Amino acid sequence: MSTTDYKFEGWLGKDKKSVEGNMEWGTFEPKTWDEDDVDIKISHCGVCGSDLHTLSSGWFPTPYPCCVGHEIIGKAVKVGNNVKHIKVGDRVGVGAQADSCGECEECKAGNEPHCAKTINTYGSVYKSPKSGKSMGGYATYNRTPSHFVVKIPDGLESADAAPMLCGGVTVYSPLIQNGCGPGKKVGVVGVGGLGHFAVLFAKALGADEVVGISRKAEKREEVMKIGADRYIATDDDEDWAKNNMRSLDLIVCTVSSAKMPLQDYLTLLKVKGTFIQVGLPDSGELPNINAFVLIANGIKVGGSAIGAPWEIEKMLQLAADKKIKPWIQERPMKEANQVIQDLEAGKARYRYVLVNEN
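Presented here is an overview of the structure given in this document. If you're wondering where the values come from, they're calculated on a predicted model, not measured in any experiment.

So, about the pairing of strand β8 (residues 141-145). Judged by how many residues are buried, β8 sits mostly within the fold: 5 of 5 residues are covered. Bridging between strand β3 (residues 37-46) and β8 involves 5 bridges; their strand directions are antiparallel. Looking across to β8, one finds that Ile-40 is bridged to Asn-142.

Within the secondary structure, Lys-31 is located in the loop between β2 (24-27) and β3. Judged by its relative accessible area of 1%, Lys-31 is buried. Of the polar contacts made by the side chain of Lys-31, one reaches the side chain of Asp-34; its length is 3.3 Å. Polar side-chain contacts of Lys-31 include one of 2.7 Å to the side chain of Asp-37. When residues no more than four places from it in sequence are discounted, the contact partners of Lys-31 are Asp-37, Tyr-126, Lys-130, Ser-131, Gly-132, Lys-133, Arg-143 and Pro-145.

This part is about helix α10 (residues 309-322). In an α-helix there are 3.6 residues to a turn, and that puts residues three or four apart on one side. Between its first and last C-alpha atoms α10 spans 20 Å; for 14 residues at 1.5 Å apiece the expected length is 20 Å, and the two agree. Of the residues making up α10, those classed as buried are Pro-309, Glu-311, Ile-312, Met-315, Leu-316, Leu-318, Ala-319 and Ala-320. Here the buried face of α10 lies against β9 (149-151), α3 (158-161), α4 (167-177) and α5 (193-204). Remark: Lys-323 follows α10 within two positions and exhibits a positive phi of approximately 55°.

Analysis parameters
Residues numbered from 1 in each chain as written. Predicted model: local features only at pLDDT ≥ 70, side-chain atom pairs only at ≥ 80, totals over all residues. Heavy atoms only, no water. Buried < 20%, exposed > 50% of the residue type's maximum accessible area, 1.4 Å probe, protein only. Helix = DSSP H or I, 4+ residues; strand = E, 2+ residues; numbered from the N terminus. Pairing = 2+ DSSP bridges. Polar contact = N/O pair within 3.5 Å; in protein donor to acceptor, adjacent residues only side chain to side chain. Contact = heavy atoms within 4.5 Å. Expected span 1.5 Å × (residues − 1).

Read these as layout, nothing more, since geometry by itself doesn't imply function.
Now the structure itself:
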């Protein structure tokens with residue numbers, strides 16, 4: 001199939017107000033083609049909170065026009081001559097990263113998300129010798145360098161796989177990197193789009209106990225249905241921090257708020273426990289941490305980004321093998337403007353997935 005056989009069209013954010021449901025459908029130019037690339041006819045694209053941050057220029061100035069969406073599933077329709085692991089017709093996916101330098105220490109070690117020359121799946125400008133702008137998956141087609149295109153295993157539905165490509169791997173990576181498995185008790189702060197994946201994957205990895213931690217008791221039943229063994233409601237459970245002190249080996253925090261009770265979360269860790277932050281507020285600010293809490297308990301506090309291609313592949317295979325079923329709501333691509341407003345309003349349970357109905 002030649003490049004003249006299809007058009008790249010999608011929902012374009014043209015200014016900060018696009019996040020209010022003002023994206024416009026139109027054609028766009030993908031990055032300039034080279035023989036390392038794969039063109040994908042998009043069938044599904046998950047909707048991520050990062051899309052809102054980018055449409056609003058919340059994290060950094062967005063190079064408008066921008067087509068967001070970095071949980072892309074579809075069929076490979078054009079494959080560069082240098083590409084060995086993908087062929088035309090394969091069902092493939094792209095997560096939140098589209099490119100890296102491939103030469104630095106981090107890239108060579110399989111830590112591509114930490115490359116200093118990362119290109120995001122949307123909202124980035126490719127650097128020489130490549131050229132053009134990265135455009136995402138609220139669209140008909142996507143073009144991405146092949147290193148960041150993964151095959152989707154059989155047995156995993158496309159709508160289920162899509163939100164795993166960012167939301168899923170964002171919590172899967174810190175779980176496996178910090179020893180989640182038999183013998184471990186794991187807490188998940190914020191059981192929403194990211195957090196519900198953390199519960200699902202922690203259980204699939206064999207953790208002895210998985211504890212959902214959120215503000216309101218009204219969410220308890222839902223979180224237990226997802227697979228949590230216990231639930232802590234920080235607004236409603238009296239003395240929750242005291243009653244659960246030193247009970248967890250690992251906490252993954254998906255909340256992005258400077259007002260969260262971080263000090264109390266840290267007291268839930270056992271001696272030598274680990275707290276990993278994955279939620280990222282616009283300002284980047286988090287509550288202060290008291291050094292006495294760190295030192296007295298010997299705990300570690302860290303952060304985690306998305307996931308490297310090899311981690312995405314392992315996560316998808318785990319999901320297929322364990323028949324992991326995320327809580328998603330499929331919505332037509334034509335409703336993208338309403339969907340981002342619904343996400344902002346907190347209506348998602350727990351991830352929206354846009355579907356190209358054609």
